[in-house]
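Residues per chain, in single letters:
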Amino acid sequence: MKSYLEGKKLNKIERNKAEKDGLLVGKQIEEFAKIGWEKIDKTDLELRLKWYGFFWRPKTPGKFMLRLRIPNGILTAKQLRIIASIVARYDENGSCDITTRQNLQLRGILINDLPEILKRIKESGLETIQSGFDNPRNVTGNPLAGIDPYEIIDTRPYTLKLEKFLTNEGKGNSEFSNLPRKWNTAVAGSEDNFLLHNDIIFHPIKKGTELGFGVWVGGILSSQLNDYAVPLDVWIKKDEICNLTGIIISIWRDNGERERRQKGRFRYYLNEIGISEFRNLVEQRFGPLENDPGSSFSEKPRSIFGIHPQKQKDLYYAGIHIPVGRLSSEDLQDIATTSITFGSGEVRLTEDQNIVIIDIEKEKLSAFKNDNLFKKFSLNPNPISAGTVACTGKTYCSFAQTNTKENATKIAKELEAEIELPEEVKIHWTGCPNSCGQAYMGAVGLTGTKAKNSAGKMVDAFNITIGGEQGANNKIGELKYKGVVVDDLKDRLKDILIENYSAKLKKEKSEELIGKLIKSSQAP
């Protein structure tokens, strides 16, 4: 047992983690592939394989999810083609989702294929190590890093350093393989990179003439608590980013809650001891800390959709909408082809589940706009679809109480037929209170639940929050409606968007409504 666990009350999951580190199943993956999932130890199957990004899914027994690590969300066309070929082998059971951590999740994977798939992924320059459960997750950054005309700092070197540090160069880092809960790390590159939902965020700011990072800590979106990060009042030099991250994680690892799992997240520990005391603990290990001169944020996040100039002369990037982040193997191949044909073969993933193709030459822009890719995906999506984010939902996830991606797509199309929005509104769907879809960040947030319909039958429903903001005046959404059944959702959302976000009925719908009102008034 690790020293930091000695003398502590441990829940069942913690006891299983203490008994055998999840990283140790790596040596058994070849054996698991031979014997089949039915003969694998239950705890290895359902828990420890997550340390290699491999998720047992009760909804699809034998068909696993594989979560990658893609620091800063940067992919090459070659990597996309490898991922596409993995998804393709599973036909209708295979699919790929862009996650809210600039990452990809592959579905339908069979365990007998896992050793070969992991080998191919690693050879491509990607990893899956420690991408799930109580580990440091994929490190996120500015999706426009290195090409952004407005960036303060290029986040790529720092997200990559952190990624290598947290995973021991992709070999697995036992220092961080038994955390109280998951850990999310992010590096902002510009004032409109809003990342305060993470456990630690490095925000670029100058102190005097030297550019470094202000440190924010404790962002959380969960079933029990939702709040944005708070300033630690610490400024560090750029080369101190890994050292400070390790110290902060270690303090929480050694002292965080291990008995009540719902209280295990870092923010609970931070709230318990207070930000000042926590800063003192950090200083004891780090040495004297410099005060943060104060980070500044844009009023709201920038939309990446459409074609925009890069900071490099005569080069452009294109933000492309991927409805609810769902991609097929053919989609992945098409995106790779387009990125090579018109750009440098590099693609970026965003936290809003969309993509960016970069380095498009000015002379190729006209042909690019007419590419076959845009028969399916849009450069300029409707403001409703543009702001829609959705977690996996109950199709695959056993925690989810509702379908999310299907409902989100269907209702977005219905709303687009009836109303017009002046600008994008963030509408976040999550299938359960664990909030993988980040509902409380959305201007409108929907969290899956169950409720009785008008016939008294228990059906899928959503609790609705309103008013979440990302930017200088950031705030978490407030719960306004409970148990809105799916059949009533479209009309409820329509009313919310009209009342709160300046949506207007389309002309034909307004005329239809007026006609109904006149007809009603003339009725005997």
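Data block above holds the structure.
Keep in mind that what you see is a predicted model, and the values were worked out from it rather than measured.

A. Representation of the overall build of the chain within the structure. Counting its secondary structure elements, the chain contains 15 helices and 23 strands. Here the chain has a C-alpha radius of gyration of 23 Å; the compact-globule value for 524 residues is 24 Å, and the two agree. Dimensions of the chain, computed from C-alpha atoms along their principal axes, come out at roughly 80 × 60 × 50 Å. Carbon and sulfur atoms form 48% of the exposed surface of the chain, whose accessible area is close to 22,200 Å². Measuring between centres, the 77 positive side-chain charges of the chain sit 3 Å from its 70 negative side-chain charges.

B. Summary view of the packing of helix 6 (residues 156-167) against helix 7 (residues 241-255). Following both chains from N to C, one finds helix 6 and helix 7 inclined at 45°, their axes separated by 10 Å at the closest point. The pairing of helix 6 with helix 7 is recorded here as oblique in orientation. Handedness of the helix 6/helix 7 crossing: right-handed. Contacts between helix 6 and helix 7 involve Tyr158, Lys161, Leu162, Phe165 and Leu166 from the first element and Ile241, Cys242, Thr245, Gly246 and Ile249 from the second. Partitioned by chemical class, the residues of the contact of helix 6 with helix 7 number seven nonpolar, two polar and one charged.

C. Broad picture of the nonpolar core. Leu66, Ile83, Leu104 and Ile320 are the most contacted members of the largest nonpolar core, which has 58 residues in total. A per-element tally of this core places helix 4 (residues 77-88) first, with seven residues. With near-sequence residues (within four places) excluded, leucine 104 lies in contact with Leu66, Arg67, Leu68, Ile70, Leu75, Ile83, Cys96, Asp97, Ile98, Thr99 and Leu349. Of all hydrophobic cores here, the second largest spans 33 residues; its members include Phe176, Ile200, Val234 and Ile251.

D. Region of the structure containing helix 5 (residues 114-123). Turning to helix 5, its buried residues are Leu114, Pro115, Ile117, Leu118 and Ile121. Summarising the axial view, the buried residues of helix 5 lie within an arc of 165°, below the 170-degree limit, and thus occupy one face. Of the exposed residues in helix 5, the ones pointing more than 90 degrees away from its buried face are Lys119 and Glu123. Looking at the buried positions of helix 5, the neighbouring elements they touch are helix 2 (29-35), strand 1 (54-55), strand 2 (64-67), helix 4 and strand 5 (104-109). Among the residues trailing helix 5, glycine 125 stands out with phi positive, at a value near 100°.

E. Fine view of the pairing of strand 19 (residues 427-430). Judged by which residues are buried, strand 19 turns out to be covered on both faces: Ile427 and Trp429 on one side and His428 and Thr430 on the other are all buried. Relative to strand 19, strand 17 (residues 388-390) runs parallel, the two sharing three bridges. When the sheet's bridge partners are listed, alanine 390 is paired in strand 19 with tryptophan 429. For strand 19 and strand 20 (residues 444-452), the ladder comprises four bridges, and the chain directions are parallel.

F. Local environment of the sheet that holds strand 11 (residues 230-237). Spatially, 6-7-8-11 is the arrangement adopted by the four strands of the open sheet, whose pairing is mixed. Two strands close off the open sheet at either side, each with one partner strand: strand 6 (185-187) and strand 11. Ignoring which end each strand starts from, the neighbouring axes of this sheet average 30° apart. Summarising the sheet, strand 6 and strand 7 (residues 200-207) pair through three bridges and their orientation is parallel. Bridge pairing in strand 7 places threonine 185 opposite isoleucine 200. Against the sheet, helix 6 contacts strand 6, strand 7 and strand 8 (210-217), and its axis sits at roughly 160° relative to strand 6.

G. The arrangement of helix 4 in detail. Helix length check: helix 4, at 12 residues, gives a terminal C-alpha distance of 16 Å against a target of 16 Å (1.5 Å per residue), a fit within 8%. Looking at helix 4, one finds that the buried residues are Ala77, Gln79, Leu80, Ile82, Ile83, Ala84, Ile86 and Val87. Against the buried residues of helix 4 lie strand 3 (74-76), strand 4 (95-98), strand 5, helix 5, helix 10 (329-342) and strand 15 (346-349).

H. Molecular detail of the sheet that holds strand 15. Spatially, five strands are ordered 3-15-16-13-12 in an open sheet, and the strand pairing comes out antiparallel. Looking at strand neighbours, the two that pair on one side only are strand 3 and strand 12 (306-309), the edges of this open sheet. On average, each strand axis in the sheet is inclined to that of its neighbour by 30°, with strand direction left out of account. As judged from the three bridges shared by strand 15 and strand 16 (residues 355-361), these two strands associate in the antiparallel manner. Among the inter-strand pairings, leucine 349 is bridged to a residue of strand 16, identified as isoleucine 355.

I. Main features of the packing of aromatic side chains. Going through the model one piece at a time under the given rule, you end up with 18 aromatic pairs. Judged by centre distance (5.5 Å) and plane angle (75°), the ring pair of phenylalanine 342 and phenylalanine 368 falls under edge-to-face. Separated by 26 residues along the polypeptide, phenylalanine 342 in helix 10 and phenylalanine 368 in helix 11 (residues 365-369) bring together distant segments of the chain. The class of phenylalanine 342 is buried, set by a relative accessible area of 9%. Aromatic rings pair up to connect Trp183, Trp252, Phe266, Tyr269 and Phe278 into one cluster. In this structure, arginine 492 is placed above the aromatic ring of tyrosine 481, and the distance from its NZ or CZ to the ring centre is 4.5 Å.

J. Quick peek at the pairing of strand 15. Side chains Glu346 and Arg348 of strand 15 all project onto a buried face; the interleaved residues Val347 and Leu349 project onto the opposite face, where all are buried too. Pairing analysis gives three bridges linking strand 3 to strand 15, with the strands arranged antiparallel. Bridge assignment links leucine 75 to a residue of strand 15, and that residue is valine 347. The turn joining strand 15 and strand 16, which pair antiparallel and follow one another in sequence, is formed by five residues; a positive phi near 70° is taken by glutamine 353.

K. Focus on the pattern of salt bridges. This model, assessed by the stated rule, comprises 40 salt bridges. The shortest N-O distance in the salt bridge between lysine 311 and glutamate 151 comes to 2.7 Å. Taken together, the residues lysine 311 in the loop between strand 12 and strand 13 (315-320) and glutamate 151 in the loop between helix 5 and helix 6 connect sequence positions 160 residues apart. Connected via shared salt-bridge partners are Glu14, Lys17, Asp134, Arg258 and Arg261.

L. Summary view of the state of the cysteines. All chains considered together, the criterion is met by zero disulfides. Between cysteine 436, a free cysteine, and cysteine 432, which holds the nearest cysteine sulfur, the sulfur-to-sulfur gap is 6.2 Å. Residue cysteine 436 is classed as partly exposed on the basis of its relative accessible area of 49%.

Definitions and cut-offs
- Residues numbered from 1 in each chain as written.
- Predicted model: local features only at pLDDT ≥ 70, side-chain atom pairs only at ≥ 80, totals over all residues.
- Heavy atoms only, no water.
- Helix = DSSP H or I, 4+ residues; strand = E, 2+ residues; numbered from the N terminus.
- Rg over C-alpha atoms; globule rule 2.2 N^0.38 Å.
- Areas by Shrake-Rupley, 256 points an atom, 1.4 Å probe, with all protein chains shown as cover.
- Lys, Arg positive; Asp, Glu negative; His and termini not counted.
- Charge placed at Lys NZ, Arg CZ, Asp CG, Glu CD.
- Axes fitted to C-alpha atoms, helices over the stretch in contact; angles between N-to-C directions.
- Parallel < 35°, antiparallel > 145°, perpendicular 65-115°, else oblique.
- Left-handed = near helix turned anticlockwise from the far one by under 90°.
- Contact = heavy atoms within 4.5 Å.
- Nonpolar A, V, L, I, M, F, W, Y, C, P; charged D, E, K, R; others polar.
- Core = buried A, V, L, I, M, F, W, Y, C linked by side-chain atoms within 4.5 Å.
- Buried < 20%, exposed > 50% of the residue type's maximum accessible area, 1.4 Å probe, protein only.
- Arc of directions from axis to C-beta.
- Pairing = 2+ DSSP bridges.
- Expected span 1.5 Å × (residues − 1).
- Phe/Tyr/Trp six-rings, centres within 6.5 Å; stacked < 30°, edge-to-face > 60°.
- Lys NZ or Arg CZ within 6 Å of the ring centre and 35° of its normal.
- Salt bridge = Lys/Arg side-chain N within 4 Å of Asp/Glu carboxyl O.
- Disulfide = S-S within 2.5 Å.

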